[in-house]
Each structure stands twice: as C-alpha cells, then as structure tokens.
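Geometric and topological summary
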Amino acid sequence: MSTSTLINRPNPTLPVVRREAALAPLRRPRRDRRLEVIEAPDVPLVDGRRVRYANFDYAASAPAVRAAADAVAELLPRYTAVHRGAGWLSRECTRSYERARAQVARFLGCRPDDHVVFTRHTTESMNLLAGALPEGTRVVVFDSEHHANLLPWREPIRLPIPDSPATAVRSIVAALEVLGRDKPVLVAITGASNVTGELFPVAEICVAARRFGARVLLDAAQLAPHRPVDIAALGVDYVAFSGHKLYAPFGAGVLAGRGDWLDAAAPHLSGGGATAEVGDATCDIAWKRGPARHEAGSPNVLGAVALGAVCEALNGEVWEALVAREEALRERLARGLAGIDGVARLRLFSPGAASVGTVAFVIEGLNSGVAAAALSAEYGIGVRDGLFCAHPLTRRLLLDSRANVDGQALRASVGLGTTTADVDRLVEAVARLAADGPAVEYAVVDGRHAPVDDPRESY
Ligand code: PLP
C-alpha cells in the first residue's frame with residue numbers, strides 16, 4: 001500500500017547562484033564503436049516534455065556498451081550447454097565461455113597461476129573469498145568501505161576512516177604491526193570510494209602488506225570502470241568487480257587471484273560442475289581445483305561472454321584517452337558545483353586528491369531525496385541519493401560537512417556515455433534547485449520521493 005506524506009515545497013529563500021564561466025571543450029578519444037554505450041530513450045518530465053536522459057548514476061550500474069550487446073547477440077543463436085555437452089555448439093559455447101575467462105585475465109594482468117572465477121557480482125565475489133579464507137585469518141578493512149566489503153568478513157578489524165592516502169597507509173601498517181605473522185592476514189580495500197570517487201593508495205598498501213606477509217584484496221567495483229587494474233603491477237592478491245558497472249549488465253562478476261586458498265577451500269556452492277567425482281557415500285566427494293570448484297551449477301555464459309568482450313575492448317591502448325576525457329568531465333562537474341552557493345561537496349581527502357568521475361554533495365536546506373526526484377522529474381537527470389551502501393562513511397561525511405541537510409546525500413557519477421552538455425545540464429539544474437527549490441511539490445510514495453500527482457505515468 002502506498003503512503004503519501006507531503007514533505008517539501010518550493011523554497012524561494014535559498015541562496016543565489018554564482019554562474020560558472022564556459023569551460024573548454026573536451027578532447028574526444030579515438031572512436032571505438034565497441035565502447036559506445038547503447039543510447040537510452042528520451043524520458044518524460046512533469047511538464048509534459050521529453051528530453052535526453054542525462055545519466056549520472058554510472059557508479060550504481062552502467063549502460064551496456066556495443067561490445068557487450070554484440071557479444072550476446074552473436075552468441076544467442078548458438079547458445080547451448082557448456083562443458084558437459086557433446087554437440088558441436090556446446091563445444092563452441094564452452095570455448096566462448098573459457099575465452100571470456102582469458103579476456104578477463106588479460107584485462108586484469110593476472111599471473112599464470114591466478115584463478116578467474118565468474119560470480120554474479122562484487123558482493124558474491126567478496127562472500128566467496130570470505131568463505132575461502134584459511135582458519136583464523138584476520139581481515140583488515142577501513143570503515144569507509146562499501147557494505148559488500150564490510151559485512152562478509154567474520155569480525156574484521158575496522159580501521160577508522162582515513163583523512164588522506166598517507167594516513168590510510170600508516171593506519172594499515174600500524175594494524176599489521178600489531179597482528180604480526182602468526183596467522184594469515186587479508187587487507188581488503190576499495191580502489192575508489194563509491195561515495196566520493198577518491199582513489200585509495202592501493203600500490204603503497206600492497207608494498208606495506210608484503211612486508212608483513214599479508215595479502216590484499218582489491219575491491220575494484222568502482223575502479224575497474226575508470227582506470228586500468230593490473231594485479232601483478234599493483235601487487236594485489238585478489239580482485240573483485242562487477243560486470244554491470246563495467247558496461248556488461250548481463251549478471252556476471254569476477255573474483256580473480258591466488259589459487260592456493262581457493263583450491264583448499266570448500267566450494268562456494270555445492271553441486272554439479274564443481275565435482276571431480278562423487279562416490280556412493282555422502283562424504284565421498286572429490287572437488288575440482290581451479291575456477292570450476294567455485295562455479296557449481298550451470299554458469300552464466302552470456303554474462304561472462306559480454307564481460308569478456310568489454311574487457312577486451314578496454315585494452316591498454318584506450319585508457320589514456322578515456323581517463324583524460326573522464327578527468328575533464330569530473331573537473332567540469334566539480335568546478336560547476338563548487339560555483340553554486342549552498343552546495344557542499346563531500347570528500348574524504350583534501351581537495352585535489354586523485355579521484356574517478358564520482359562526486360557526492362548536498363544542497364543546503366534541501367532534502368536529498370527531493371533534490372534527486374526533482375532532478376529526474378523536472379530536468380530528466382538521473383542521480384543517486386541516500387547513503388550509498390556505505391553508511392558509516394556517508395554519515396561521517398555528512399556530519400563533517402555541517403550542512404543543514406536531512407542525513408542523506410546526492411551522488412553524481414559519469415561514464416562512457418556522459419557528455420559535457422550533460423554535465424552543464426546537471427550543474428544548471430542543481431543551481432536552479434539551490435536557488436529556487438523544486439518547481440512542483442514532492443511527497444514520499446512507497447519509500448521514495450516523487451512529484452505529487454505525478455503525470456508521467458500516463459505518458
Ligand atoms: N564495492 C563497491 C566499491 C561498490 O561500489 C559496490 C556497488 O556499488 C559493490 C562493492 C557491490 O557491487 P555489486 O552490487 O555489484 O555486488
């Protein structure tokens with residue numbers, strides 16, 4: 001049943017906007033059709049118009065790129081059972097599935113003895129590794145992690161949210177000194193914060209971890225779509241990421257890394273595909289080694305193939321231009337937001353810290369749920385509001401911001417399909433909301449803010 005509570009009206013008393021000067025046009029990366037995002041349809045506004053959807057929610061899920069969609073379309077007519085089928089197409093499908101594994105391994109710069117296990121997403125990858133840790137392993141995390149990297153571990157050591165990359169390294173070193181070498185230790189860190197986009201000093205943390213014989217798991221859910229990730233070069237032991245954030249939204253994710261713990265662990269799921277042999281007695285089971293041990297059940301072949309195709313398209317040659325383009329978009333967005341009175345940016349580290357194209361902020365005096373709903377209903381812009389599955393971090397940043405807000409924040413994140421015009425539209429819309437408030441009234445409907453008498457359903 002739907003609840004409807006009136007919680008916000010347009011506010012004429014909000015601060016005035018400082019306009020941002022026009023910014024330089026962006027350099028276009030060399031056109032690669034494989035990395036073009038599948039264009040979204042126009043979306044309806046409360047005033048009856050339809051406009052281009054300005055998607056600023058890439059950090060949650062990215063639209064598919066051509067490489068993923070084409071790979072799926074190409075495989076679909078030949079889709080059949082993998083691994084155990086004797087038919088010709090079954091062999092072809094098996095080859096495609098295993099090729100996808102090799103493409104992911106190349107994308108990550110895996111060492112020859114690393115395993116690449118297909119999962120559903122980062123969350124499952126973390127849970128898989130949590131179940132594969134040797135008895136007594138201590139896990140060290142920061143309080144700033146996404147819940148997927150806070151909750152799967154048994155009694156993790158939660159370090160305080162660092163205020164600089166250097167503090168992060170020092171804090172890990174101090175924890176490792178106390179833990180010593182008696183028991184295995186896993187340091188589980190994100191590559192880029194899903195709230196602020198800021199980069200963590202992964203390579204430095206790996207150097208420190210090695211000094212103490214500890215292993216490192218990199219949560220690359222937010223890093224892999226924005227920066228090259230090289231397991232061997234960084235020195236990480238495990239990497240987890242999600243296909244749906246990497247332009248391959250077909251339900252596959254990855255856990256890649258050292259094979260020894262994975263081969264020694266009980267399988268993530270028990271069932272067909274993971275077994276080498278099953279005897280007559282219940283306990284008489286020989287489990288496979290390698291990725292298959294943790295991939296029981298029929299695998300998500302289409303998801304893996306889509307993800308492999310994107311990994312191949314995102315090869316070493318394209319990154320320089322992609323990173324330069326994203327940096328320009330992030331900078332334009334950050335400068336635009338900084339020029340608006342009443343907008344406070346949330347960040348972990350000092351201004352200027354390296355970051356991917358994700359920006360968290362609040363609009364003084366305006367409920368973030370209402371702001372997000374207004375950006376959608378009045379401007380055709382999709383952002384995210386709330387605490388972003390990183391509650392301890394976002395709550396802390398909101399407290400630190402001292403802005404007069406409602407305990408929730410806004411997050412805008414860019415990706416391959418974002419244009420400078422989209423960024424300008426977002427900045428302009430936020431400026432209008434900060435100055436004048438929303439144009440229509442909003443209420444909570446089924447737990448989300450929506451325009452009162454929303455006419456869009458009938459368009
Ligand atoms: N880690 C980080 C840093 C994330 O941002 C997310 C999702 O937003 C996850 C883990 C979990 O990803 P998934 O929901 O695909 O499992």
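Residues numbered from 1 in each chain as written. Predicted model: local features only at pLDDT ≥ 70, side-chain atom pairs only at ≥ 80, totals over all residues. Heavy atoms only, no water.

1. Some words on helix α5 (residues 202-211)
Considered for burial, the residues of α5 that qualify are V202, I205, C206, A208 and A209. End-on, the buried residues of α5 take up no more than an arc of 165°, which puts them together on one face. For α5, exposure combined with an orientation more than 90 degrees from the buried face picks out R210 and R211. The inward-facing, buried residues of α5 contact β6 (138-142), α4 (165-179), β8 (185-190), β9 (215-219) and α6 (231-234). A positive backbone phi angle near 70° is found at G213, which sits one or two residues after α5. (Buried < 20%, exposed > 50% of the residue type's maximum accessible area, 1.4 Å probe, protein only. Helix = DSSP H or I, 4+ residues; strand = E, 2+ residues; numbered from the N terminus. Arc of directions from axis to C-beta. Contact = heavy atoms within 4.5 Å.)

2. Quick word on the packing of aromatic side chains
Aromatic ring pairs are described here by two measures, namely the spacing of the ring centres and the angle between the planes. By the definition in use, this model includes six aromatic pairs. Seen in terms of ring centroids, Y97 and F118 are 5.4 Å apart; in terms of plane orientation they differ by 40°. Their pairing is tilted. Pair noted here: Y97 is in helix α2 (residues 88-108) and F118 is in strand β5 (residues 114-119), with a separation of 21 residues, a long-range link. Among the residues examined, Y97 registers a relative accessible area of 1% and is labelled buried. Judged by centre distance (6.0 Å) and plane angle (45°), the ring pair of F142 and F200 falls under tilted. Of this pair, F142 sits in strand β6 while F200 sits in the loop between β8 and α5, placing them 58 residues apart in sequence. For F142, a relative accessible area of 0% puts it in the buried group. Counting every residue linked through ring pairs, the aromatic cluster contains F142, F200 and F349. Directly above the ring of W88 sits R95, whose terminal nitrogen or CZ lies 5.6 Å from the centroid. One cation-aromatic arrangement involves R215 over W261; the distance from NZ or CZ to the ring centre is 4.1 Å. (Phe/Tyr/Trp six-rings, centres within 6.5 Å; stacked < 30°, edge-to-face > 60°. Lys NZ or Arg CZ within 6 Å of the ring centre and 35° of its normal.)

3. A look at the pattern of salt bridges
In the structure shown here, the tally under the stated rule is 26 salt bridges. Here D263 ties to R289 by a salt bridge, and the two come within 3.9 Å at their closest N and O atoms. With D263 in helix α7 (residues 259-264) and R289 in the loop between β13 (285-287) and α8 (301-313), this residue pair connects regions lying 26 residues apart in the sequence. Overall, the relative accessible area of 11% leaves D263 in the buried class. (Salt bridge = Lys/Arg side-chain N within 4 Å of Asp/Glu carboxyl O.)

4. A few points about the site of the ligand
As a matter of local geometry, the ligand sits amid 13 residues, with T123, D219, Q222, H244 and K245 nearest to it. Interatomic distance of 2.5 Å between a side-chain N/O atom of K245 and an oxygen atom of the ligand. Bound to the protein, the ligand loses 89% of the 390 Å² it would expose on its own. (Near = heavy atom within 4 Å. Polar contact = N/O pair within 3.5 Å; in protein donor to acceptor, adjacent residues only side chain to side chain. Areas by Shrake-Rupley, 256 points an atom, 1.4 Å probe, with all protein chains shown as cover.)

5. Things to note about the sheet that holds strand β17 (residues 384-386)
Strand order in the open sheet formed by four strands is β14-β15-β18-β17, with antiparallel pairing between adjacent strands. Across the chains shown, the open sheet's two edge strands, defined by having one partner strand only, are β14 (343-346) and β17. Averaged over all neighbouring strand pairs, the angle between strand axes comes to 35°, with direction disregarded. (Pairing = 2+ DSSP bridges. Axes fitted to C-alpha atoms, helices over the stretch in contact; angles between N-to-C directions.)

6. Quick word on the packing of helix α1 (residues 66-75) against α8
The geometry of α1 relative to α8 is characterised by a closest axis approach of 8 Å and an angle of 135° between their N-to-C directions. Relative to α8, the element α1 is oriented oblique. The interaxial crossing formed by α1 with α8 has right-handed handedness. Residues A67, A68, A71, V72 and L75 of α1 lie in contact with α8, whose contacting residues are V301, L302, V305, A306, A309, V310 and A313. In terms of residue class, the contact of α1 with α8 is made up of twelve nonpolar, no polar and no charged. (Parallel < 35°, antiparallel > 145°, perpendicular 65-115°, else oblique. Left-handed = near helix turned anticlockwise from the far one by under 90°. Nonpolar A, V, L, I, M, F, W, Y, C, P; charged D, E, K, R; others polar.)

7. Digging into the sheet that holds strand β7 (residues 157-159)
The pairing of strands in a sheet comes from backbone hydrogen bonds and takes either a parallel or an antiparallel form. One open sheet accounts for seven strands, arranged β5-β11-β10-β9-β8-β6-β7; its pairing is mixed. Both edges of this open sheet fall to β5 and β7, since each of them pairs with a single strand only. Recorded for the sheet is a direction-independent mean angle of 15° between the axes of neighbouring strands. With three bridges connecting them, β9 and strand β10 (residues 238-242) associate as parallel partners. Considered in β10, the bridge of D219 is made with A240. Packed onto the sheet, α2 meets β5, β10 and β11 (253-258) and runs at close to 120° relative to β5.

8. What to know about the domain arrangement of the chain
The domain architecture assigned to the chain consists of domain 1 (3-63 + 319-451) and domain 2 (79-314). Domain 1 and domain 2 are separated by 31 Å when their C-alpha centres are compared. With 41 residues of domain 1 at the contact, the number on the domain 2 side is 35 residues. Approximately 3200 Å² of surface area, both sides summed, lies buried where domain 1 meets domain 2, with 61% of it carried by carbon and sulfur atoms. The interface formed by domain 1 and domain 2 contains two salt bridges. Of the charged contacts, one joins R227 and E327 as a salt bridge, the two residues approaching to 3.1 Å between their closest N and O atoms. Joining domain 1 to domain 2, the criterion identifies 20 residue pairs in polar contact (both at pLDDT 80 or more). At the level of elements, α9 (319-338), β15 (358-363) and α11 (391-401) are the ones that each hand at least two residues to the side of domain 1 that touches domain 2. A total of six residues in the side of domain 1 that touches domain 2 trace back to one element, the largest contributor, which is α11. Of the residues that constitute the side of domain 1 that touches domain 2, the class distribution is 26 nonpolar, eight polar and seven charged. (Domains from an automatic or database assignment. Buried area = accessible area lost by both parts, 1.4 Å probe.)

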